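# Remarks on the overall topology
Each chain, letter by letter, is given below.
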Amino acid sequence: MPILTAANLTKIYGSKRGIHHEALHQFHLSVDKGEFLGIMGPSGSGKTTLLNLLSTIDTPTSGAVTINQTTVTNLTKNKLATFRRKETGFIFQDYNLLETLTVGENIMLPLTLNKWKVKEMTKRLKLVTEQLGIEDITEKRIFEVSGGQLQRAAIARAIIHDPTIIYADEPTGNLDSKASRQVMESLQFLNQEKKTTTIMVTHDPFAASFCGRVIFIKDGRMFNEIHKGDNRQRFFQDILNVQSLLGGNMDDFHSIRFK
Ligand SMILES: Nc1ncnc2c1ncn2[C@@H]1O[C@H](COP(=O)(O)OP(=O)(O)O)[C@@H](O)[C@H]1O
Ligand SMILES: [Mg+2]
């Protein structure tokens with residue numbers, strides 16, 4: 001039984017001048033519970049568009065997304081907000097942590113929003129920060145810790161309420177190779193130990209090699225899909241091979257700017 005299905009997803013962006021752009025064309029996807037799925041493709045191919053639709057951040061022009069047997073594309077605004085708060089966790093390239101809060105307060109935010117008791121929140125905070133090796137920085141402010149630590153804090157925030165699915169858009173996009181490895185090992189650990197279903201957009205073949213399956217999109221359509229065997233190095237090579245078949249600019253603007 002898949003945990004997420006997308007059927008016939010089409011996204012057309014309009015503009016004031018009446019120019020329309022079809023970013024995604026009748027896209028089908030099925031994700032099993034516990035999968036670690038990577039989404040790759042050239043810059044502008046529709047990766048972020050797809051992730052935003054799968055994660056309920058955006059709504060499709062046509063088609064449906066079903067998560068855990070709820071067709072989220074049919075939900076009212078209020079029901080969708082509740083659903084998103086309980087069932088989803090997000091990790092972004094630029095962490096999206098609040099600078100006015102400590103690292104710990106940031107991580108507990110989803111629990112605060114879901115009205116948990118303080119004692120329970122503190123317990124959960126301890127658990128997830130220990131899992132991610134950041135228990136020593138919970139009292140610190142955002143500007144006092146490194147990018148790699150911030151991204152692990154963002155992961156802690158994404159998982160603290162035990163969401164059905166974690167969505168990550170370029171989680172290693174701002175990180176050096178050492179911090180990228182730590183972040184990917186954290187995501188892999190959570191996926192393997194806790195069976196957290198994870199869907200990650202990345203242009204980085206190294207990050208993608210931690211996934212169990214990678215789909216490649218081109219011009220808003222499925223181009224190819226490959227599965228990891230028992231060897232990450234081999235999978236890394238397979239990913240590079242599909243990338244060279246795909247062509248196009250695999251580097252997103254942001255990664256060029258910040259790396
Ligand atoms: N809000 C928007 N309005 C208009 N066009 C958009 C918008 N967001 C994305 N696009 C266009 O849709 C296409 C896919 O974008 P995106 O999903 O961001 O690609 P990717 O994440 O693969 O780089 C691009 O051509 C982009 O310019
Ligand atoms: Mg993108």
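That block above? That's the structure.
One structure accompanies this document, and this report is about it. These numbers come from a predicted model, not from an experiment.

### Observations concerning the packing of aromatic side chains
Applying the stated criterion to the full structure yields 3 aromatic pairs. Where phenylalanine 90 meets tyrosine 167, the ring centres are 5.7 Å apart and the plane angle is 25 degrees; that geometry is what we call stacked. Taken as a pair, phenylalanine 90 in strand 6 (residues 88–92) and tyrosine 167 in strand 7 (residues 165–169) lie far apart in primary sequence, 77 residues in all. For the pair phenylalanine 90 and tyrosine 167, one class covers both residues: buried. Three or more aromatic residues joined by ring pairs form one cluster here, namely Phe90, Phe92 and Tyr167. Directly above the ring of phenylalanine 210 sits arginine 232, whose terminal nitrogen or CZ lies 4.4 Å from the centroid.

### Describing the sheet that holds strand 9 (residues 213–218)
As summarised here, the arrangement of the 6 strands in space is 6-7-8-3-9-10, forming an open sheet in which the pairing is mixed. On the outer flanks of this sheet lie strand 6 and strand 10 (221–227), each paired with one strand and no other. Strand-to-strand twist of the sheet, defined as the mean angle between neighbouring strand axes without regard to direction, takes the value 20 degrees. Here strand 7 pairs with strand 8 (residues 197–201) via 5 bridges, running parallel. Its bridge partner lying in strand 8, tyrosine 167 is registered against isoleucine 199. The sheet contacts of helix 6 (residues 177–194) involve strand 3 (36–40), strand 6 and strand 8, and relative to strand 3 the element is tilted by about 140 degrees.

### Some points on the packing of helix 3 (residues 103–113) against helix 4 (residues 118–131)
Close contact between helix 3 and helix 4 brings their axes to 10 Å; oriented N to C, the two are set at 125 degrees. Overall, the two elements helix 3 and helix 4 adopt an arrangement that is oblique. Between helix 3 and helix 4 lies a crossing of right-handed hand. Residues Gly104, Ile107, Met108, Leu111 and Thr112 of helix 3 pack against Met121, Thr122, Arg124, Leu125, Val128 and Thr129 of helix 4. Along the lines of polarity and charge, the residues of the contact of helix 3 with helix 4 split into 6 nonpolar, 4 polar and 1 charged.

### What about the environment of glutamine 149?
Relative to the assigned elements, glutamine 149 resides in helix 5 (residues 147–159). For glutamine 149, a relative accessible area of 23% puts it in the partly exposed group. Along the backbone, glutamine 149 and isoleucine 134 are 15 residues apart, and their C-alpha atoms lie at a distance of 6.9 Å. Ignoring anything within four residues of it in the chain, the contact list for glutamine 149 reads Ile134 and Ile137.

### Let's talk about the pairing of strand 3
Counting buried residues in strand 3 gives 5 out of 5 residues, a clear majority hidden from the surface. In strand 3, alternate side chains face the same way, and those of Phe36, Gly38 and Met40 on one face and Leu37 and Ile39 on the other are all buried. Across 4 bridges, strand 3 lies against strand 8 in parallel orientation. Bridge assignment links phenylalanine 36 to a residue of strand 8, and that residue is threonine 198. Where strand 3 meets strand 9, 4 bridges bridge the pair, whose relative direction is parallel. Bridging across to strand 9, methionine 40 finds its partner in phenylalanine 216.

### Describing unusual backbone geometry
In this model, lysine 115 sits at a positive phi of 60 degrees, which is unusual for a non-glycine residue. Locating lysine 115 in the fold gives a position in the loop between helix 3 and helix 4.

### Side note on the side chain of threonine 172
Within the secondary structure layout, threonine 172 lies in the loop between strand 7 and helix 6. On the basis of relative accessible area, threonine 172 is assigned to the buried category, the value being 2%. Apart from residues lying up to four places away in sequence, threonine 172 is in contact with Ser180, Val183, Met184, Thr202, Asp204 and Ala207.

### Focus: the site of ligand 1
Around ligand 1, the structure places 12 residues, and the nearest of them are Gly44, Gly46, Lys47, Thr48 and Thr49. With respect to ligand 1, the backbone of glycine 44 contributes an N or O atom lying 2.7 Å from an oxygen atom. In this structure, an oxygen atom belonging to ligand 1 sits 2.9 Å away from a side-chain N or O atom of threonine 48. Relative to its free-state accessible area of 560 Å², ligand 1 is covered by the protein chains to the extent of 60%.

### Focus: the side chain of arginine 213
Note on placement: arginine 213 falls in strand 9. Contact partners of arginine 213, with chain neighbours within four places excluded, come to Leu29, Ser30, Val31, Glu35, Phe36, Leu37, Gly38, Glu225, Ile226, His227 and Phe235.

What counts, and at which threshold
- The residue numbering used here restarts from 1 in each chain and proceeds along that chain's sequence as written.
- Both sets of labels track the order of writing: A upward for chains, 1 upward for ligands.
- The predicted nature of this model means local features are confined to residues of pLDDT at least 70 and side-chain atom pairs, given and counted, to a pLDDT of 80 or more, with totals for whole chains, interfaces and linings taken over all residues.
- Each side-chain value is derived from all of the structure's non-hydrogen atoms; neither hydrogens nor water enter the calculation.
- Here a Phe, Tyr or Trp ring, Trp counted by its six-membered ring, pairs with any other such ring whose centre lies within 6.5 Å, and the pair is stacked when the planes are under 30 degrees apart, edge-to-face when over 60, and tilted otherwise.
- Runs of E in the DSSP output that reach at least two residues are strands. Runs of H or I that reach at least four are helices, and both are numbered from the N terminus.
- The classification of residues rests on relative accessible area computed with a 1.4 Å probe and restricted to protein chains. Under 20% of the type maximum is buried, over 50% is exposed, and intermediate values are partly exposed.
- In this scheme, the term charge over a ring applies when either NZ of a lysine or CZ of an arginine sits within 6 Å of the ring centre and within 35 degrees of the ring normal.
- Only strands joined by at least two bridges in the DSSP assignment are considered to pair.
- Each axis is a line fitted through C-alpha atoms, and for a helix only the stretch in contact is used; angles between axes span 0 to 180 degrees, taken between their N-to-C directions.
- Should any heavy atoms of two residues lie within 4.5 Å, those residues are considered in contact.
- The labels follow the angle: roughly parallel below 35 degrees, roughly antiparallel above 145, roughly perpendicular from 65 to 115, and oblique for the rest.
- Helix crossings fall into two classes, left-handed where the near helix is turned counterclockwise from the far one by less than a right angle and right-handed where it is turned clockwise.
- All amino acids are sorted into three groups, where Ala, Val, Leu, Ile, Met, Phe, Trp, Tyr, Cys and Pro are nonpolar, Asp, Glu, Lys and Arg are charged, and the leftover types, Gly among them, are polar.
- Here a residue is near a molecule or strand as soon as one of its heavy atoms is found within 4 Å of it.
- Under this definition, polar contacts are N or O atom pairs within 3.5 Å; protein pairs additionally need one hydrogen-donor-capable and one acceptor-capable atom, and for neighbouring residues in sequence, both atoms have to be side-chain atoms.
- Using the Shrake-Rupley algorithm and a 1.4 Å probe, accessible areas are obtained, with residue cover drawn only from the displayed protein chains.

Keep in mind these values describe shape, not function.
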